[in-house]
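If you want the building blocks of each chain, they are given just below.
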Amino acid sequence: MHPERRATVKDMMARQRPAAVIAALRGMAERPDRTPMLATIKVPTLIITGSKDELILPKESEAMAVAIPGSKLVIIPDVAHLSNVEDPDAFNKVVREFVLGLE
């Protein structure tokens, strides 16, 4: 990640209240598995991940794409979980092409 972007993300994270971070992490850890519901999605779905994402591994995004009928999966090379921050040009291009394809 570009050093300036890295600093911005670190600053944003540092501003969060510890209790809020704990609550968010607890909520993610305790949420029920909704995988079976993916097959019921009936709207255009774009899944974007980074090839270096260690929080939601690309193989998990691939499984999600298989489970959602007609979905589109894009793996942006050389970025991790914050693909929109790490490579905004690539991320925006993917989103723009997807949205324009809906018209």
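Note: the structure precedes this text.
Residues numbered from 1 in each chain as written. Predicted model: local features only at pLDDT ≥ 70, side-chain atom pairs only at ≥ 80, totals over all residues. Heavy atoms only, no water.

A. Expanded view of the side chain of T45. Among the structural elements, T45 can be located in the loop between α2 (18-30) and β1 (46-50). Among the residues examined, T45 registers a relative accessible area of 14% and is labelled buried. A polar atom in the side chain of T45 sits 2.9 Å from the backbone oxygen of V43. Look past the residues within four positions of T45 in its chain and what remains in contact with it is I68, S71, K72 and F98. (Helix = DSSP H or I, 4+ residues; strand = E, 2+ residues; numbered from the N terminus. Buried < 20%, exposed > 50% of the residue type's maximum accessible area, 1.4 Å probe, protein only. Polar contact = N/O pair within 3.5 Å; in protein donor to acceptor, adjacent residues only side chain to side chain. Contact = heavy atoms within 4.5 Å.)

B. Local environment of the pairing of β1. Direction of pairing for β1 relative to strand β2 (residues 72-76): parallel, over a ladder of five bridges. Of the residues in β2, the one forming a bridge with I48 is V74. Read from β1 through helix α3 (residues 58-67) to β2, the crossover connection turns out right-handed. (Pairing = 2+ DSSP bridges. Right-handed = clockwise from strand over helix to strand, strands pointing away.)

C. Just the layout of surface pockets, in detail. Considering only enclosed or pocket space, the largest pocket measures out at about 1,000 Å³ in volume. Lining the largest pocket are 29 residues, and of these M28, R31, L55, I56 and H81 lie nearest its centre. Those elements that place two or more of their residues in the lining of the largest pocket are α1 (3-14), α2 and α3. Of the residues that constitute the lining of the largest pocket, the class distribution is 18 nonpolar, four polar and seven charged. (1 Å grid on protein atoms, 1.4 Å probe; cavity = no way out; pocket = protein on both sides within 12 Å on 5 of 7 lines; lining within 4 Å. Points joined across faces, edges and corners; volume = space filled by probe spheres on them. Nonpolar A, V, L, I, M, F, W, Y, C, P; charged D, E, K, R; others polar.)

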